[in-house]
Amino acid sequence: MDGDWADAKVMLLRYAGRCRICGAELLAGSTAVYTRESRAVRCFTCAPDDPSPVAITSVAVGVATVAAQMSTATAAEVIAGVAGASARREHDRRSQGRERRIRQSQPMWGGLILALTDDPQTTKAWAVGAEEEERLGRRLDNLAGENIRVLHDRRIPRTRANLDHIVVAP
Ligand SMILES: [Zn+2]
């Protein structure tokens, strides 16, 4: 009995089988422990009497747990991004730059000038764009779910450009 599982390996079953220990049905394509010598299969969770193959069992359970968590984990680890974040940053950079320049060149009147004048249209356009991205982002987020992933404001590698929204669907 002890030698039965000595060469046991974790593998995908090509054929359906029955667990030698608990008698459970093991479907073809499922992962199980198999020993070529006695051509016996058993579930991950069924430990043989012999304590030595227990190590194999625990490794196998670990693999199964990782596989089960993989789909949810990879999805969760993708950072969804914040809609409009790049446009918002560009607006703030331009607006704050203008304020700094005006305060430096007009130490006395800078505050008054800033109170009476507006950011140029080219700066305000970034805020408008950010708001629109935020609005569309919220609408897309409402569609997101199990099968639909929505990402926002993703950089395009090796460029300064960004993609406002990405929707991944089946
Ligand atoms: Zn079993």
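That block above? That's the structure.
> Which parts of the structure should I look at to understand the overall build of the protein chain?
Helix and strand content of the protein chain: 4 helices and 7 strands. Ordered by position from N to C terminus, the α and β elements of the protein chain give β-β-β-β-β-α-α-α-α-β-β. A burial count over the protein chain gives 16% of its 170 residues as buried. Sequence-distant contacts, at least 24 apart, represent 49% of the contacts inside the protein chain between residues at least 6 apart.

> What is the right way to look at the sheet that holds strand E4 (residues 31–35) in this model?
The pairing of strands in a sheet happens through backbone hydrogen bonds and is either parallel or antiparallel. Spatially, the 3 strands line up as an open sheet ordered E1-E4-E5, and their pairing is antiparallel. Lying at the two open borders of the sheet, with one neighbouring strand each, are strand E1 (9–12) and strand E5 (40–42). Taken pair by pair, the neighbouring strands of this sheet meet at an average axis angle of 40°, ignoring direction. Of the strand pairs in this sheet, E4 and E5 are connected by 3 bridges, and their pairing is antiparallel. Within E5, the position partnered with Tyr34 by the bridge is Val41.

> Explain helix H2 (residues 85–105) here, please?
Turn by turn, an α-helix covers 3.6 residues, leaving residues three or four places apart pointing in a common direction. With 21 residues, H2 ought to run about 30 Å at 1.5 Å a step, and its terminal C-alpha atoms sit 30 Å apart, in line with that. Among all positions of H2, only Ser86, Ala87 and His91 are buried. The buried residues of H2 occupy an angular sector of 145° when the element is viewed end-on, so they sit on one face. In H2, the exposed positions that point more than 90 degrees away from the buried face belong to Arg93, Gln96, Arg100 and Gln104. Looking at the buried positions of H2, the neighbouring elements they touch are helix H4 (121–143), strand E6 (149–155) and strand E7 (162–168).

> In this structure, what is going on with the pairing of E4? I would like to understand it.
In regular strands, side chains alternate between the two faces of the sheet. E4 sits mainly inside the fold: 4 of its 5 residues count as buried. Where E1 lies against E4, 4 bridges are found, and the strand directions are antiparallel. Residue Leu12 lies in a different strand from E4, and its bridge partner there is Thr31. Hairpin remark: E4 followed by E5, antiparallel, with 4 residues in the connecting loop; positive phi at Arg39, about 55°.

> Just to check I follow, could you spell out the nonpolar core for this structure?
Among soluble globular proteins, nonpolar side chains are generally buried collectively. Among the nonpolar cores identified, the biggest contains 9 residues, and these are Trp5, Ala8, Leu26, Ala32, Val33, Tyr34, Val41, Cys43 and Phe44. Considering each element in turn, this core owes the most residues, 3 residues, to E4. Those residues in contact with Ala32 that sit more than four places away from it in its chain are Leu13, Leu26, Val41, Arg42, Cys43 and Phe44.

> How do you make sense of the pairing of E6 when you look at a structure like this?
Bridge analysis of E6 against E7 gives 6 bridges, and the strand direction is antiparallel. Bridge pairing in E7 links Leu151 to Ile166.

What counts as what
- Residues numbered from 1 in each chain as written.
- Predicted model: local features only at pLDDT ≥ 70, side-chain atom pairs only at ≥ 80, totals over all residues.
- Helix = DSSP H or I, 4+ residues; strand = E, 2+ residues; numbered from the N terminus.
- Buried ≥ 20, exposed ≤ 12 C-beta atoms within 10 Å, placed from the backbone.
- Contact = placed C-beta atoms within 7 Å.
- Pairing = 2+ DSSP bridges.
- Axes fitted to C-alpha atoms, helices over the stretch in contact; angles between N-to-C directions.
- Expected span 1.5 Å × (residues − 1).
- Arc of directions from axis to C-beta.
- Core = buried A, V, L, I, M, F, W, Y, C linked by C-beta atoms within 7 Å.

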